Amino acid sequence: MALFLALTSFLEILQAYLQKNCYNIAVMNMKIEKIVVGELKENCYVVINNKNEALVIDPGDEAKRILEFLKPYHVVGILVTHHHFDHIGALEELNSVYSLIENQVSSTDFLFDTIATPGHTDNSVSFAFSELGCVFVGDFIFKDGIGRTDLGGDEMRMKLSLKHFLEQFSDDTVLYPGHGEATTLGRERKCLENWIKM
């Protein structure tokens, strides 16, 4: 009995760790992987289709670790939400390996829209995958918060971006932020509306 309880406890701890540090979610014929990298624990995402093609989003640090993860896949694109160091720390090394042009994808299987979401920085963007029902938002929106606007951004532009985003997407849209856990727009809507009014 003691062994069973110890094993159960270990599995619970392992599950909690994986949820915070790396996970995969299968949606339709796509899989979304999260690799937490660097001192600021930035979320590098990898979207993988059923042809083993991979799309990397915000390779922030630990290039060797990301490259090791990508070995089984054919990398067809690298997307960047903004150019703060913690989101592009591994970009140069990945580009040298794959010779890709940032924010361009060489596969027609990955359908997404690039949404301008300035505020955290002047040129922040988010990537909306409508078929997957999700948006990769970088440091635009977090679970229980929004991105800072004092690191090359602008508070009024952030409010306008939030207003347009709330109008554009439904509450069941899953948001994958640059740090922390995923959330839904419905969970964050009230908080975001209140922030806009401030």
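Structure first, text after, so check above.
Please read these numbers as outputs of a predicted model, since none were measured by experiment. (Residues numbered from 1 in each chain as written. Predicted model: local features only at pLDDT ≥ 70, side-chain atom pairs only at ≥ 80, totals over all residues. Heavy atoms only, no water.)

Talk me through the overall build of the chain; I want residue IDs and the actual numbers.
Broken down by element type, the chain carries six helices and twelve strands. Burial analysis of the chain (198 residues in total) assigns 47% to the buried set. Sequence-distant contacts in the chain: of pairs separated by 6 or more residues, those separated by 24 or more amount to 54%. Counting every atom, the chain has about 10500 Å² of accessible surface; 56% of that belongs to carbon and sulfur. (Helix = DSSP H or I, 4+ residues; strand = E, 2+ residues; numbered from the N terminus. Buried < 20%, exposed > 50% of the residue type's maximum accessible area, 1.4 Å probe, protein only. Contact = heavy atoms within 4.5 Å. Areas by Shrake-Rupley, 256 points an atom, 1.4 Å probe, with all protein chains shown as cover.)

Tell me about helix H2 (residues 63-70), and name the residues and values.
Within H2, the full set of buried residues consists of Ala-63, Ile-66, Leu-67 and Leu-70. End-on, the buried residues of H2 take up no more than an arc of 100°, which puts them together on one face. Those residues of H2 that are buried are in contact with strand E2 (30-37), strand E3 (42-48), strand E4 (53-57), strand E5 (74-79) and helix H4 (91-98). (Arc of directions from axis to C-beta.)

How would you explain the pairing of E4 if you had to name every residue and give the values?
Of all the five residues making up E4, five are buried; the element is thus mostly covered by neighbouring parts of the structure. Burial of the side chains of E4 extends over both faces: Glu-53, Leu-55 and Ile-57 are buried on one face and Ala-54 and Val-56 on the other. Pairing analysis gives four bridges linking E3 to E4, with the strands arranged antiparallel. When the sheet's bridge partners are listed, Val-47 is paired in E4 with Leu-55. Between E3 and the antiparallel strand that follows it, E4, lie four residues; Asn-52 among them carries a positive phi value of about 65°. Here E4 pairs with E5 via five bridges, running parallel. (Pairing = 2+ DSSP bridges.)

Before we move on, can you summarise the sheet that holds strand E8 (residues 134-138) with the specific residues and values?
A sheet is described by the order of its strands in space; here five strands give the open sequence E6-E7-E8-E11-E12, paired in mixed fashion. Only two strands of the sheet have a single neighbouring strand rather than two, namely strand E6 (113-116) and strand E12 (183-184). The sheet contact formed by strand E11 (residues 174-177) and E12 spans two bridges and is antiparallel. Looking at the pairing, Val-174 lines up with Thr-184 of E12.

Explain the side chain of Ser-124 to me, using residue names and the numbers behind them.
Tracing the sequence through the fold places Ser-124 in the loop between E6 and strand E7 (125-129). Look at Ser-124 and you get buried, because its relative accessible area is 6%. A distance of 2.6 Å separates a polar atom in the side chain of Ser-124 from a polar atom in the side chain of Thr-121. Sequence-distant contacts of Ser-124, defined by excluding residues within four places in its chain, comprise Thr-81, His-82, Ile-115, Ala-116, Thr-117 and Pro-118. (Polar contact = N/O pair within 3.5 Å; in protein donor to acceptor, adjacent residues only side chain to side chain.)

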